[in-house]
Amino acid sequence: MATTESPAPPLSDVDIVRLAQLKQPTNNHLQSNVSLPPFLLSSHSHKSLLSYLHSRATSPSPSSAVCEYVLSLLSLISLSPETPSVSSLLSSLLSSYTQIFPALPHDSNSLKTINFFNTLLIHVPSDDLKSVIDSVASNLSGVVTVDDAQLFDLFPQCFELIRNAEEKGGDYVNSVVDKILESKWSKGFLLRMVSIAKDFSFFNKMRGKGFLEKVFAGIKNVDLMDLPSLVYQLLVLASKGFNKREVIEGIVWFFGTELGSKMTSTVRQVEGTVLLHVNFAVKQDPSLGKEVMWLVKADLRAFNHFTVAVLLSVSRVRRFSESSIAILKTALLTAYRDYKFTKDCKWIPDDIKKEYLTSVKVIEKSVLRAVNESNYGREHTVPSILQFGFVLLESVGEENCKEKCNSNGLLGIEELGIQMLKTLFEVHDMARNEIIEQIKLHILSLKPELSRPIIRLLCHLIQCYPYPMLEHIPRLKELLDYFTFMDGKVASHLVRALLPLIRLSRDLQDYTILVVRKAIFRREHTVRLAATNSIIDLILAEKHPTGGGLFSFQDSSSQASCSQQADIPCSMGGDLFQELSALLQRCLYQQAKVKEVLYQGLVKLILVDPSIGGLVFDFLLPHFLQFFKEGPDIQLGVSSCIKSESGKVLIQEPLDCLLSCVSWILLLQTHGKTDQLSDSIGACFGFSLSQENEDGRNLSNEVFSSALLKIRKFLKAADLEEILGQTHDASSAAVHEEKRKCCALILSGVVEVLLNTIAMDLEKATDQKKVELEKELIQLVDLHDSLAKDACNSRQSNVSKRLNLRATANDTPDNVDSGNTKLIQEHIPFLATSSIYQLLQIALKLYRSESSDAEATSQNHTQSSLTKAPKSCSKIVSFALNIALHHVKSSAVVGNEDPLKKLIYGEINMLGPPLLRLTLLLKSGSNVATSQKKKESKAKKDAEERKEHLHLALVCLKEMITISLCSSRLTGLLENLLSVSQLEYAGFCDECDLASEINDQDIRNKELFILKILKPLLTELMKLSAFRSIEVLCDIMLMIGHKLPCKWRNSHGAWAVHICKSSDTTNSTIAKSLVRLAINLSSPPTDLLVAQDMLKELLKFMGPNSGDPLQASEYLLINQSTTSAVASCLLQITETVIVDMDWATRKLKTASQVAQKATHLNQNGEHNSGLAFEENLYSRVKAVVELLSSFVLTSLKDTQAEHFLRLTARLYKHLALMSRLRIAPKGHKQLLPSLQFQKLVELTCKQLTVPLYNFVAEMQQAQQENANSKGIINKIKRENKCIPDLIFQIEDYEKYLIRLSKATKVNLLRHAKRSTSRDFRILDPTTVAGAEDPPNYDPNPNNSDANGNESVNGDSEDNEGNESEKALSPQCGSPLAEEESECDAEDRACVPNVKRVKSSRIVHDSDDEEEV
């Protein structure tokens, strides 16, 4: 009996859930019954199953209900997914779920469901997958949060299945991705896409770049708390090879610019977390670290606070620890160098200068911000910050990084490093021990000149954080233990830095005294000097009311920045002067330099505490009496100050320094400073001074005061030969002569001390007393002149000679810290500024008296008494000018905090007006002498002497202006000089009126000084032929003119050009000075146009038609006598321009590389700025080419011709680099060369390259004609070094022009001429293996010109291109010219060896050519 199969019993949704639970494996074992119920296998049940899904979606808690049902159904489907009906059910279920997903809650249940679907997608047909993708993608606008985009987790596997299932599946996937990229993304969708993008293996580079652009465009809308996870996903994406460079650039760009403006603590914490992610990612994938390195190395515009933080974080990875810090250091130094160069470069536009200034400021602020924020979740960077800070301090000594940047608000390398480590010390307690330890190690291990910034850092830390530094006294004691083994300067500076801390710690004070006491007994001279300095500093620190000031390494602005400056006690609990008097007594038995330091230190003590003057006198009196004996005849023991050892004569006692110390103390006491604090000595010890104490103190004062007066009388009446003859003994004549010179040297110093005392008395004297003092002063000047002759055997530069004799190897000026007290002081002048002022006034009076007529000189007794000895006028003028010059120069090396600075130098600008008045008098005196008494030999001698004095006076003014420019005190000096009645010159009246209306006081004073003083004075001196003085005036005018704006500077340049045209001088030195003045005061491009005009006039005397003697030049300055000097000057000016091109071409190369590779860095118009800079550079190079093309036509001398060839070779090297940069690298669009570049190429080929070959040929022909002349061999050797280099650089330049012509289809070499004068032959590769030809072999000498005139078109262009890359065979055994700039090292071509070896004939392209 046949039976029919009954339909499967239906199952409810609850039954399916229960069935799924029964089918689940338990205890890691599957259920025995794994078959599906017939209801699920039936296709008719699909509708019912899907209806259960929709009904559950409408339940009160749809999330759990739908999740429970779908997961149960999927678990059953997974038991037999390949069954057709089950597979169809899976597709329908997936489609239905995607449709109801927007209405469901998006939580962990929905994510669990989607993940289960993901495991079964392989069983879904591709067409069903496409419908699902289209359905999900169409609902993209409804995605708001990251959970709304959960369905997109299905996309990676769907895309992969579709691509593998169909031949054109990739096109469909790409279309979907493009559609998604073109749509608008919410922040939630962005987060979801970044998390799944790592599974998109089909992304190519361009589509990946578009994806990242979409991500970084929308990342600004992402919540702060989501940023760390987003960055982590991006780093994971990059570690899989997905556009690494773009990912790193985007992250740095966003956090450095978009998010960098937000300074909240939340943002800083987020950045800290991101840095940890970056650090971890670099550890896992070091290639990401290389991309970070490239980012900063390629372009400084990527430099921001986050870039610094990233590099500091990456440096914690051992592999990048050194390279990260090195790149940060290089970026900083490059920024400072670029700023310094652009600031001083005339042809760079102001807007570019502002860009580089802004760049340096941004870098400084970025570094400081990265350090300040180091405690916001980025403590792992603290060791890197510490390392970087010390690297910066070390780099101060490596290069000239001490450039003062305060005028533009810049810190500079040294101050930046100090600020970093100060912040680290303040913020991170854990870093303090390491900072102190590193300070100790660096001071002990670095060279003395490199350790100065480290000691400055220690001084800053002690002054700003004294109480925290007390915890580190044991380490500082360990450092002091090396006092006797350190360099003397470093040791002394170390103690000076510790002084504020010594005032807080009696223990440290006692330990320092113990160390210094040991050092006093050392043999080394420098150690004793350091110990003496330290003793004085310790006593001064006790006397001084504050812990900073005198002994601070930092200026007032730096002190103000110390937020934790502590109030340090004023006393250390005792009188150190008396306590250390035994040590000071020991110093009196040391070398002369030690005594000088001691005497200067005692004067400082009196300045700080005048009350101890009596104690100082009591201390000095026994020592002084060893050299001063009273009796019927005064005995000044000068001979006992000298000793001879092993045939060498040494000064044992600097008696002049001792008397200077005594005289200053007496002068300070006469001003009443001691009387005001007469009771302060006893107050320190709790008792008052008795009458006996007062009498003892007054006794020593009277002894010294009386001794000085007696010495004055003794020297006025003494016989010089008698004093100097006391040195005669049984020693040899040479030793006797040296002793005599040393005695004269000491006595000249004593005379200067007495002159200072007399000049001080002269200020307060009445008329009659003033006359007597002036006569005494003149007598002492005469005595000084005689002593100078004995000491130096020469009258020129008496003071300088005296100082040179006095100086020893240890006395060489070494400004350890500009602006601060020097460690081993140079000999400080004996005369104060006010005394020199009085000397200059007397010199003026004497000079006026001597120059006036007999009736004027006999009007009163004063003038007649002063003019009895005309020779005295010359002597006092010479002495005053020499002493003033030394005084001005020495003022620049004495620190502002030195107590003697104000005492000795005071307001040094007060010397300006008398110097200028004396200059004007000497100028007019020279005129009288040369016009009225020209025929008299004595008058001629007087005139020459006046010119020498005039030159000396102008040199003094030049030094004062130079120092004032460096210290920003020029405005006050110029105001003082303008107050002098200047020369009247009608030609400048209108210009002076215009200058008087300038609002800026600084510019107005400079302009008026040039118009009212310098220009008239230069015009007058041109008439007098005072050549040396004119040279100094030109230097002064250049110094001031460079500080003027372009408008005013150009007017002075035009005036200088007029002087060159109207002056017919034959002096070559003056010609060079005026030419340099005219060109340097002209702003670009006028400067090189003026040089070209001068070269054209020079051709009349040095060109091919120079034989005509009747030729007249438009520039009268250019004549037969000055042609060589002018040509040399123009070559030097051309060289400075070509040196500027070194920097410019390097920047052009950097800009080209950045433009090719960067993505986020060119969004603010930087490309336009770079294009303007490029065009400006081409214009400048064009002017240089025109200038050199004129030089080719001149008949230069041997050394000038060699100089010209080297400059031309250097120019062609830059031209080759510029041409190479115009060639686009592979994968980039080739741009046509600009019109400016094409004109430059045409000009170079026509006006320089072609005539240059003729120039070289004529040089070589002249060599052959003069082969037997003297010195020709050396000349040929020199030229054989530069000619091959020149030819090589020309052909290298033309090689790149050929390549560029091929790439752009623009014929750039239509005016080129192949070389006919070369030291290299182009060889066919097929003949390289054959026999070698003789050196001078030419296969077709008659056709060389014809071949040279071939234009580059058609086949000839290709042939020439091939030939340029063939082998180059050197014919002479000489290497190419050496590289002339370190910045070109990276572009150096591979030059064949000088040996004629066949295997080395081929010149290959350098590696950097392939990169372009």
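Residues numbered from 1 in each chain as written. Predicted model: local features only at pLDDT ≥ 70, side-chain atom pairs only at ≥ 80, totals over all residues. Heavy atoms only, no water.

### What to know about the pairing of strand β3 (residues 642–645)
Okay, so step 1: Summarising the sheet, β3 and strand β4 (residues 648–651) pair through 4 bridges and their orientation is antiparallel. Paired with S644 across the bridge in β4 is V649.
Okay, so step 2: Remark: 2 residues form the turn of the hairpin made by β3 and β4, two consecutive strands paired antiparallel; S646 in that turn has positive phi of roughly 55°. (Pairing = 2+ DSSP bridges. Helix = DSSP H or I, 4+ residues; strand = E, 2+ residues; numbered from the N terminus.)

### With respect to the packing of helix α24 (residues 473–480) against helix α26 (residues 506–520)
Okay, so step 1: In contact at an axis separation of 10 Å, α24 and α26 are set at 5° when each is read in the N-to-C sense. As summarised for this structure, α24 and α26 are arranged roughly parallel, according to the angle between their axes. In this structure, α24 uses I473, K477 and L480 to contact α26, whose residues at the interface are D507, L508, Y511, T512 and V515.
Okay, so step 2: Among the residues making up the contact of α24 with α26, the classes are represented as 5 nonpolar, 1 polar and 2 charged. (Axes fitted to C-alpha atoms, helices over the stretch in contact; angles between N-to-C directions. Parallel < 35°, antiparallel > 145°, perpendicular 65-115°, else oblique. Contact = heavy atoms within 4.5 Å. Nonpolar A, V, L, I, M, F, W, Y, C, P; charged D, E, K, R; others polar.)

### Notes on the side chain of H305
Okay, so step 1: When you line up the elements, H305 lands in helix α16 (residues 305–314).
Okay, so step 2: Owing to a relative accessible area of 4%, H305 belongs among the buried residues under this scheme.
Okay, so step 3: Of the polar contacts made by the side chain of H305, one reaches the side chain of E271; its length is 3.3 Å. (Buried < 20%, exposed > 50% of the residue type's maximum accessible area, 1.4 Å probe, protein only. Polar contact = N/O pair within 3.5 Å; in protein donor to acceptor, adjacent residues only side chain to side chain.)

### Considering the packing of aromatic side chains
Okay, so step 1: Taken as a whole and judged by the stated rule, the model has 25 aromatic pairs.
Okay, so step 2: The interplanar angle of 65° and the centroid separation of 5.3 Å between the aromatic rings of F155 and F159 together place this pair among those described as edge-to-face. Residue F155 and its partner F159 are located together in helix α8 (residues 155–165), separated by 4 residues, close to a single helical turn.
Okay, so step 3: What makes F159 buried here is its relative accessible area of 1%.
Okay, so step 4: For the pair F255 and F306, a centre-to-centre distance of 4.9 Å together with 20° between the ring planes defines the contact as stacked. One end of the pair, F255, is in helix α13 (residues 244–258); the other, F306, is in helix α16, with 51 residues separating them in the sequence. Like F255, the residue F306 is buried in the burial classification.
Okay, so step 5: Ring-pair connections join several aromatic residues into one group, and the members of that group are F152, F155, F159, W185, F189, F200, F211 and F242.
Okay, so step 6: Between K130 and the ring centre of Y172, over which it is positioned, the NZ or CZ distance is 5.2 Å.
Okay, so step 7: One residue, K1295, lies across the ring of Y1296, its end atom 4.9 Å from the ring centre. (Phe/Tyr/Trp six-rings, centres within 6.5 Å; stacked < 30°, edge-to-face > 60°. Lys NZ or Arg CZ within 6 Å of the ring centre and 35° of its normal.)

### Focus: the pattern of salt bridges
Okay, so step 1: In the structure shown here, the tally under the stated rule is 42 salt bridges.
Okay, so step 2: For K845, the salt bridge goes to E774, with nearest N and O atoms at 3.1 Å. Taken together, the positions of K845 in helix α41 (residues 833–851) and E774 in helix α39 (residues 767–792) put the pair 71 residues apart, joining distant regions of the chain.
Okay, so step 3: Residue class for E774 comes out buried when judged on its relative accessible area of 3%.
Okay, so step 4: One salt bridge connects E1202 with R1206, and the closest N-O pair in it is separated by 3.6 Å. Here R1206 and E1202 lie together in helix α57 (residues 1198–1221), a separation of 4 residues that amounts to about one turn. (Salt bridge = Lys/Arg side-chain N within 4 Å of Asp/Glu carboxyl O.)

### Things to note about α8
Each α-helix turn comprises 3.6 residues. Residues three or four places apart therefore point the same way.
Okay, so step 1: Buried residues of α8: F155, P156, C158, F159 and I162, and no others. Taken around the axis of α8, the buried residues stretch over an arc of 165°, which confines them to a single face. The exposed residues of α8 that point more than 90 degrees off its buried face are N164 and A165.
Okay, so step 2: Looking at the buried side of α8, the elements it contacts are α7 (126–138), α9 (169–182) and α10 (187–196). (Arc of directions from axis to C-beta.)

Shape descriptors only; they carry no functional weight alone.
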